[in-house]
Amino acid sequence: MTPVTKTFLPPIEEYTRQLKRVWKSKLITNRGQLVLDLESKLKEYLDVPSIIITANGTLPIQIGLKVLANMGEVITTPFSFVATTASVLWQNCTPVFVDIDPKFLTIDETKIEEAITSKTTAILATHVFGNPCNIEAIELIATKHNLKVIYDGAHCFGVKYNGNSIFKYGDMSTCSFHATKLFHTGEGGAIFCNDEELKLQMFYSHNFGYTKESDLVGLGINGKISELQAGMGLSVLSHIESIIAARKEVIKIYDDSLDFTHLRKIEIRKNTEWNNSYYPVIFEEEEMLLAALEALNKKDIFPRRYFYPSLNNLNYVRYSKMRVSEEISKRILCLPLFVNLKAKKIKLITDVINRICDITMAPQLLNGFKVNHSPSSIPALNELSYNGEESVKPL
Ligand SMILES: *Cc1c(COP(=O)(O)O)cnc(C)c1O
């Protein structure tokens, strides 16, 4: 089975070495040596002024909204993981969706101002697939209207923008260290902010209200990570360069083998050092995506419709039409991307997709008009069930 992602597991001896440190210290949580170690290594690797590691990547969004959004209206993107929108409601704020840019897939900054009301307190935007939002424009709008900016940077491990860590922008940024993400601690995440006072508040918010010096200064919850997870993080971090290199290699094969006549990639914003975190492709039509998905599933390959559906369709939000996000959500597919994904498998995936695009599009292009195919009505689809795993039969 080929899933969309596979968790990188370090050699078990390396994890055991970290666990031995835990056994020795007998401290299994409460920001012991391993958490402190991981924080200092990540601070250096990511080149950020501060980091607070948390139990997952959703808590930082919740804490950020709690501290900065004050139960107001939060301008946010409909094209993200459900955690982004759910956190807004969970903190008793009101999500106000603003559609996305069709090229970058990040919030459309030109539509933010018209969504601002007297109740707006914050902007919560996602750097989708590690692709930065229009940070400069958002900052201008936020300053003009006195709004806080929170970036959901769950996908952004290692991303640089204008030579700086992406996590340095906005009032605060978050990251997720979930097992499906580029860097992971099993479950985990992080809070990044520049302002000293805010940093203190974020810290005690994630630590029952206690500061580092153990003074109880305000309201907090438990957002801490354990030593066991930090040990995983330390073991994974020592392989991060080869993880990124391996993913780059996979992406290069996709880039070289996919036929982009009827497919497109997202555009990465200028001045970005991207992190190779996902391989999303946007099909010309949803029918084409569904046909590709069906054909790949038959080959035991499971790309993922991500993000789907557009979050303005959630049954617990007030629906408002988001034309671009809804359209993109229907047509975007994340292809398998992980360390050790074999070249032959990637070729199989790209062959299937290329053929499906040809079959579904060629006739209508020749005739000069559009026909909507349903996956089952595509005549040659069955012929795509090859016998040999790696050898592709000509049609
Ligand atoms: C993964 C993810 C989260 C949540 O992170 P967890 O660590 O799973 O809680 C939030 N936002 C986005 C965009 C994500 O992809």
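Above: the structure in question.
Residues numbered from 1 in each chain as written. Predicted model: local features only at pLDDT ≥ 70, side-chain atom pairs only at ≥ 80, totals over all residues. Heavy atoms only, no water.

### Description of the site of the ligand
Item 1. Neighbouring the ligand are 16 residues; Gly57, Thr58, Asp152, Ser176 and Lys181 lie closest to it.
Item 2. Here Gly57 contributes a backbone N or O atom positioned 2.7 Å from an oxygen atom of the ligand.
Item 3. Contact distances for the ligand include 2.7 Å between an oxygen atom and a side-chain N or O atom of Ser176.
Item 4. Coverage of the ligand by the protein amounts to 94% of the 380 Å² it exposes when considered alone.
Item 5. More than half of the atoms belonging to the ligand lie within 2 Å of the grid points that define the largest pocket.
Item 6. Here the residues of the shell around the ligand sort into four nonpolar, 10 polar and two charged. (Near = heavy atom within 4 Å. Polar contact = N/O pair within 3.5 Å; in protein donor to acceptor, adjacent residues only side chain to side chain. Areas by Shrake-Rupley, 256 points an atom, 1.4 Å probe, with all protein chains shown as cover. 1 Å grid on protein atoms, 1.4 Å probe; cavity = no way out; pocket = protein on both sides within 12 Å on 5 of 7 lines; lining within 4 Å. Sits in = over half its atoms within 2 Å of the grid points. Nonpolar A, V, L, I, M, F, W, Y, C, P; charged D, E, K, R; others polar.)

### Some thoughts on the packing of helix α2 (residues 33-46) against helix α7 (residues 227-237)
Item 1. Closest axis-to-axis distance for the α2/α7 pair is 8 Å, and the angle between their directions is 35°. In the crossing of α2 with α7, the sense of the turn from one axis to the other is left-handed. Together, Gln33, Leu34, Val35, Asp37, Leu38, Lys41 and Leu42 of α2 and Glu227, Ala230, Gly231, Gly233, Leu234 and Leu237 of α7 make up the contact between the two elements. (Axes fitted to C-alpha atoms, helices over the stretch in contact; angles between N-to-C directions. Helix = DSSP H or I, 4+ residues; strand = E, 2+ residues; numbered from the N terminus. Left-handed = near helix turned anticlockwise from the far one by under 90°. Contact = heavy atoms within 4.5 Å.)

### A closer look at the layout of surface pockets
Item 1. In this structure, the largest pocket encloses a volume near 460 Å³.
Item 2. Forming the boundary of the largest pocket are 30 residues, of which His178, Thr180, Lys181, Tyr278 and Tyr306 lie nearest the centre.
Item 3. In terms of residue class, the lining of the largest pocket is built from 12 nonpolar, 13 polar and five charged.
Item 4. Roughly 280 Å³ of volume is contained in the second largest pocket.
Item 5. Lining of the second largest pocket is provided by 16 residues; of these, Ser50, Ile51, Lys199, Phe203 and Lys212 occupy positions nearest its centre. (Points joined across faces, edges and corners; volume = space filled by probe spheres on them.)

### A look at the packing of helix α1 (residues 12-25) against α7
Item 1. Their axes nearest at 9 Å, the elements α1 and α7 cross at an angle of 140°. In this structure, the crossing between α1 and α7 has a hand that is right-handed. Of the residues in α7, those touching α1 at Glu14, Tyr15, Gln18, Leu19, Arg21 and Val22 are Glu227, Leu228, Gly231, Met232, Leu234 and Ser235.
Item 2. Among the residues making up the contact of α1 with α7, the classes are represented as six nonpolar, three polar and three charged.

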